[in-house]
Amino acid sequence: MNLMKKRLSMALASVMVLGALVGCGSGGDKPASSSGGDKGKQDEFSFYFTGSLNVKDLWEVVVPMFEKKYPNIKVKMVHIDSGAGGQSTVDRIIAAKQANQKSGNIDLYESSLSDVIKGTKEDLWAPLDAKKIPNLSKIEEKQMSNVKNMGIPYRASAVILAYNSAKVKTPPKTANELYDWIRKNPGRFAYNDPATGGSGDSFVQTAIYNFLPPEANVSSDPSYAQKWDQGFALLKELHPFMYQKGVYPKKNQGTLDLLANGEVDIIPAWSDQALEQTSKKLLPDTTKLVQIDPSFTGGPTYLMVPKLSEHPDSVATFLDYVLTPEAQSVIVNKMYGYPGIKWTEMPQELKDKFKDVAGGYRTFSIGDLGKEIQKRWQRDVAGQ
């Protein structure tokens, strides 16, 4: 009997040892560890962004750079084409909140100032913490305080003057100098119909709002419409000095084409668009860019973190990386945009390359007043 018990015990021990060896060899049901030191499960978050293909191209470079550096974090990119219809991403987040969902399945969102403001009113965004995102210190403080730390202005673009340096030896440096140049050089300046592109819209708004107090630039108060007369009088006066005595091209590209063909010598243009086309030789080598004072309009594109996000730590790590000179250099070189961080934080070669347009911009946020300006411009300026 004792001999039988002894043999049974030895058999059970053999089975246990064999089971342990098999478990060690197969890894059992444990998740496979990712490369890069930490053997924890890879964390994945969803990043929604809206825009043209150049925005998609940008993130398809930056995200792999990040994932190589942080292999335990996976970024699921969801590109929403700027021309797509349907429910907006912000409305989806609002719907998720109203439905008391645990997660809106949107952990990071890129969009404009209007969505930052809309989401702040709806209490959608999580405040951004400098302790978790140390590189926030590289951003101008007022850029963060303007949106109450609810969004990161990670890149920007601005309207500037593009001019033919072979014809214009001394470009205007101020708005008044520009208007004087237009009068003295009839037919050699053009801006596009403001309803068809932001560069023409900026020229018109700047001409009007230079006569108003700075606080008007960020107000949608309808009472400011009563103070537009002086600006519209200037635009009407300049009308006969425009290209072909008052012809306004369609879209931003329309004025760039006129500059490229030598039909005009100075135009307002988006900095990123003009820099890209100069780089690709679509504009002549004689094309130079300069910002005037007071500056034209421009503005950042923001990154926001919904409060419903279930991956705040991974998102914070990603945001901190986006604000490194390494990632910001990709933004400048690939999109020809302004960096989100201070120019002083950028490599010297980029500071030298973009010194002519690094003068900044003014942010205008006037809501539906912008459409009212366009309507009045059609009637009072183009229609005269």
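Going by what an unreviewed UniProt entry lists, the chain is known as Extracellular solute-binding protein and is assigned to Paenibacillus radicis.

Let's talk about the pattern of salt bridges
One pass over the structure, following the stated rule, counts 16 salt bridges. Lys281 is the salt-bridge partner of Asp285, the closest N and O atoms lying 3.2 Å from each other. Here the two residues Asp285 and Lys281 agree in accessibility, since each one is exposed. Where Asp380 meets Arg376, a salt bridge forms, and the shortest distance between an N and an O atom there is 3.0 Å.

A short note on the nonpolar core
Judged by nonpolar contacts, the single largest core of 56 residues is most densely connected at Phe47, Trp59, Leu108, Ile152, Leu303, Phe318 and Leu319. With near-sequence residues (within four places) excluded, Phe318 lies in contact with Phe45, Phe47, Trp59, Val63, Phe66, Val75 and Leu108.

A short note on the pairing of strand 1 (residues 43-51)
Bridge count between strand 1 and strand 2 (residues 73-81): nine bridges; the pairing is parallel. Each residue of the ladder has a partner; that of Glu44, found in strand 2, is Lys74. Handedness of the crossover joining strand 1 and strand 2 through helix 2 (residues 53-69) is recorded here as right-handed. Bridge count between strand 1 and strand 3 (residues 108-111): three bridges; the pairing is parallel. When the bridges of strand 3 are listed, Phe47 appears paired with Leu108.

Quick notes on the packing of helix 6 (residues 175-184) against helix 8 (residues 229-238)
Here helix 6 crosses helix 8 at 25°, and the two axes come no closer than 10 Å. Here helix 8 runs roughly parallel to helix 6, going by the angle between their axes. Judged by residue contacts, Tyr179, Ile182 and Arg183 of helix 6 engage Leu234, Glu237 and Leu238 from helix 8. Here the residues of the contact of helix 6 with helix 8 sort into four nonpolar, no polar and two charged.

Concerning the packing of helix 2 against helix 12 (residues 325-335)
Viewed as axis vectors pointing N to C, helix 2 and helix 12 meet at an angle of 155°, and their least axial separation amounts to 10 Å. The angle between helix 2 and helix 12 places the two elements in the roughly antiparallel class. Like other packed secondary-structure pairs, helix 2 and helix 12 cross with a definite hand, here right-handed. Contacts between helix 2 and helix 12 involve Asn54, Val55, Asp57, Leu58, Val61, Val62 and Met65 on the former and, on the latter, Glu326, Ala327, Val330, Ile331, Lys334 and Met335. Among the residues forming the contact of helix 2 with helix 12, the class breakdown is nine nonpolar, one polar and three charged.

As for unusual backbone geometry
A cis amide bond links Asp293 with the next residue in sequence, Pro294, at an omega value of -5°. With respect to the element layout, Pro294 can be found in the loop between strand 6 (287-290) and strand 7 (298-304). Even without a glycine there, the phi angle at Lys148 is positive, about 55°. One non-glycine residue, Lys245, lies in positive phi territory at about 60°. Its place among the elements puts Lys245 in the loop between helix 8 and helix 9 (251-260).

Some details on the environment of Ile117
Within the secondary structure layout, Ile117 lies in helix 4 (residues 113-121). By relative accessible area, Ile117 is classed as partly exposed at 36%. Between the C-alpha atoms of Ile117 and Met150, which are 33 residues apart in sequence, the distance is 8.9 Å.

Some remarks on the pairing of strand 3
Looking down a regular strand, the side chains alternate between one sheet face and the other. Neither face of strand 3 is open: one carries Leu108 and Glu110, the other Tyr109 and Ser111, and all of them are buried. Pairing of strand 3 with strand 7 involves three bridges; the strand directions are antiparallel. Its bridge partner being in strand 7, Glu110 is matched across the sheet by Leu303.

Description of the side chain of Thr301
Summarising the element assignment, Thr301 is placed in strand 7. The residues touching Thr301, leaving out its near neighbours within four places in the chain, are Glu110, Ser111, Ile152, Pro153, Tyr154 and Arg155.

Quick notes on the confidence of the model for the chain
Across the chain, the average pLDDT comes to 86, with 86% of residues at 70 or higher. The model gives residues 1-38 a pLDDT under 50, and that stretch makes nine contacts with residues more than four places away or in other chains.

About the thresholds
Starting from 1, residues in each chain are numbered consecutively following that chain's sequence as written. It should be noted that, the model being predicted, local features are given only for residues of pLDDT at least 70 and side-chain atom pairs only at 80 or more, the latter also being counted only at that level, while totals for whole chains, interfaces and linings use all residues. For the side-chain quantities, the full set of heavy atoms in the structure was used; hydrogens and water were omitted. The salt bridge definition used is simple: a Lys or Arg side-chain nitrogen within 4 Å of an Asp or Glu carboxyl oxygen. Only protein chains enter the accessibility calculation, which uses a 1.4 Å probe; a residue is then buried when its area is under 20% of its type maximum, exposed when over 50%, and partly exposed in between. Buried residues of nine kinds, namely Ala, Val, Leu, Ile, Met, Phe, Trp, Tyr and Cys, make up a nonpolar core once their side-chain atoms join them within 4.5 Å. Contacts are assigned to residue pairs that have any heavy atoms within 4.5 Å of one another. Any two strands with at least two DSSP bridges between them are considered paired. Only DSSP runs of H or I with at least four residues qualify as helices, and only runs of E with at least two residues qualify as strands; both kinds are numbered from the N terminus onward. Crossovers are marked right-handed if the path from the first strand over the helix to the second runs clockwise, as seen with the strands pointing away from the viewer. For helices, the fitted axis covers only the stretch in contact; all axes are lines through C-alpha atoms, and the angles between them, taken along N-to-C directions, range from 0 to 180 degrees. Each angle is binned into one of four classes, with values under 35 degrees roughly parallel, values over 145 roughly antiparallel, values of 65 to 115 roughly perpendicular, and all other values oblique. Residues are grouped as follows: Ala, Val, Leu, Ile, Met, Phe, Trp, Tyr, Cys and Pro are nonpolar; Asp, Glu, Lys and Arg are charged; all remaining types, including Gly, are polar. In this scheme the handedness of a crossing depends on how the near helix is turned from the far one: anticlockwise by less than a right angle means left-handed, clockwise means right-handed. Per residue, pLDDT captures the predictor's confidence, and it can take any value from 0 to 100.

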